Amino acid sequence: MLAEVEAWLDKRTSRAQDWDARELAAAKGQQRVTVVLPARNEAATVGSIVASIRTALCEEVALVDEIVVIDSRSSDDTAQVARGAGATVYHQDAIRPDLAGGEGKGEALWKSLFVATGDILVFVDADLLSFTPSYVTGLLGPLISDDTVAYVKACYDRPLKGTPGQTFNGGRVTELVARPLLNQYWPRLAGFVQPLSGEYAGRAHVLRGLPFVSHYGVELGLLVDLVEQYGLDAMAQVDLGRREHTNQTTPDLGVMAAQIQHTARLRLVRSGRLVEPQGEAATTLVQYVRSGAGEGDYAPRPRETAITERPPADTLEPVLV
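Residues numbered from 1 in each chain as written. Predicted model: local features only at pLDDT ≥ 70, side-chain atom pairs only at ≥ 80, totals over all residues. Heavy atoms only, no water.

Enquirer: For this particular structure, what's the right way to read the pairing of strand 5 (residues 120–123)?
Expert: Look at any regular strand and the pattern is simple: side chains alternate between the two faces of the sheet. Side-chain alternation along strand 5 places I120 and V122 on one buried face and L121 and F123 on a second face that is also buried. Note that strand 2 (residues 33–39) and strand 5 share four bridges and pair parallel. Across the sheet, the residue bridging to V35 is V122, located in strand 5. Of the strand pairs in this sheet, strand 5 and strand 7 (residues 200–203) are connected by four bridges, and their pairing is antiparallel. In the sheet register, I120 faces strand 7, and the bridge partner there is R203. (Buried < 20%, exposed > 50% of the residue type's maximum accessible area, 1.4 Å probe, protein only. Helix = DSSP H or I, 4+ residues; strand = E, 2+ residues; numbered from the N terminus. Pairing = 2+ DSSP bridges.)

Laid out in structure tokens, this is it:
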């Protein structure tokens, strides 16, 4: 590990319990805070998360000014549940309808930049089973207390079903794909315990100045772009303790891994560290399913893994209403 990273770990890693909500509310001054939840078919969990934030951090303590849910084409009651719990809900495709529609989590996060009014934005996944308001206060702590911090990433223990007694799990895609890529090509990011975590916070003007990758490449893309534009010391991480959510299937994780690899490849090409061979890079992951009962009865299952990249939000002309 680089000496710079070891020093950063000591300086820029804190715990959620280090930050008190009332003290942060008093210290934030005129800054507005928006919590954003991207959600697709999360009716079972989004309501309790929104209600918890509203009660603890809007009503009991005036720390959070706005809760925004970006409904990413849900087919269930996600929007109604979130609205009933106290969030302002926007449908992904209703934001900037002048732009061609995009896909995936990264698109929902990017669209939130056009409607969130906060000076500090906190992103929280909507499928969490272990959420507490300390997730939000922990992520806000370094940003409110130190003007030189631009971005804060969560870390945590992530129990995986079927692994009893395991106290830490970085996630299968994290350990098998993201961490090796970061250690090899961006070693200054090797100190991030959970580089793909869906919980992070940043200053709105910083986030609006960054491109957002579609789908599941968004978290790795933001980390790489932030360290290259702002430097490692402008970033921090906070230990939130324990995080539980609904685990995805192995085939779905394969698609996620491919999208993350594409994101890394695009940044290596952009920086001149990788030269693309002639022809377009493959954007289809071929997986297999059994097509019959006999041996060798496998059928290919091509799955699209292409990513797109939205430009920095602050480079687009505003829409006149």
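Enquirer: Can you help me understand the pairing of strand 3 (residues 66–71) in this one?
Expert: With respect to burial, strand 3 is a largely interior element, six of its six residues being buried. Burial along strand 3 is two-sided: the face carrying E66, V68 and I70 and the face carrying I67, V69 and D71 are both buried. Where strand 2 lies against strand 3, six bridges are found, and the strand directions are parallel. Each residue of the ladder has a partner; that of A39, found in strand 3, is D71. With respect to chirality, the unit in which strand 2 leads through helix 3 (residues 46–59) into the neighbouring parallel strand 3 is right-handed. Traced from strand 3 through helix 4 (residues 78–85) to strand 4 (residues 88–91), the parallel crossover comes out right-handed. (Right-handed = clockwise from strand over helix to strand, strands pointing away.)

Enquirer: What exactly am I supposed to notice about helix 5 (residues 104–112) here?
Expert: Most of helix 5 sits out of view: eight of its nine residues are buried. Within helix 5, the full set of buried residues consists of K105, G106, E107, A108, L109, W110, K111 and S112.

Enquirer: Help me understand the packing of aromatic side chains in this model?
Expert: Given two aromatic rings, their pairing is described by the distance between the two centres and the angle made by the two planes. Under the defined criterion, the tally for this structure stands at six aromatic pairs. Aromatic side chains W8 and F192 sit 4.7 Å apart centroid to centroid with 45° between the ring planes, which places their arrangement in the tilted category. Taken together, the residues W8 in helix 1 (residues 3–12) and F192 in the loop between helix 7 (172–185) and strand 7 connect sequence positions 184 residues apart. Since its relative accessible area comes to 3%, W8 is described here as buried. F192 sits in the buried class, given a relative accessible area of 1%. Taken together, F123, Y151 and Y200 form an aromatic cluster joined through their ring pairs. Across from the ring centre of W186, 5.7 Å away, lies the NZ or CZ of R273, which sits over that ring. (Phe/Tyr/Trp six-rings, centres within 6.5 Å; stacked < 30°, edge-to-face > 60°. Lys NZ or Arg CZ within 6 Å of the ring centre and 35° of its normal.)

Enquirer: Sorry if this is basic, but what is going on with helix 1 here?
Expert: Along an α-helix, a turn takes 3.6 residues, which lines up residues three or four apart on a common side. Of the positions making up helix 1, those classed as buried are V5, W8 and R12. Each buried residue of helix 1 sits inside an arc of 55° when the element is viewed along its axis, so together they form one side. Every exposed residue of helix 1 that faces more than 90 degrees away from the buried side is listed here: A3 and D10. Against strand 1 (13–15) and strand 9 (235–242) lie the buried residues of helix 1. (Arc of directions from axis to C-beta. Contact = heavy atoms within 4.5 Å.)

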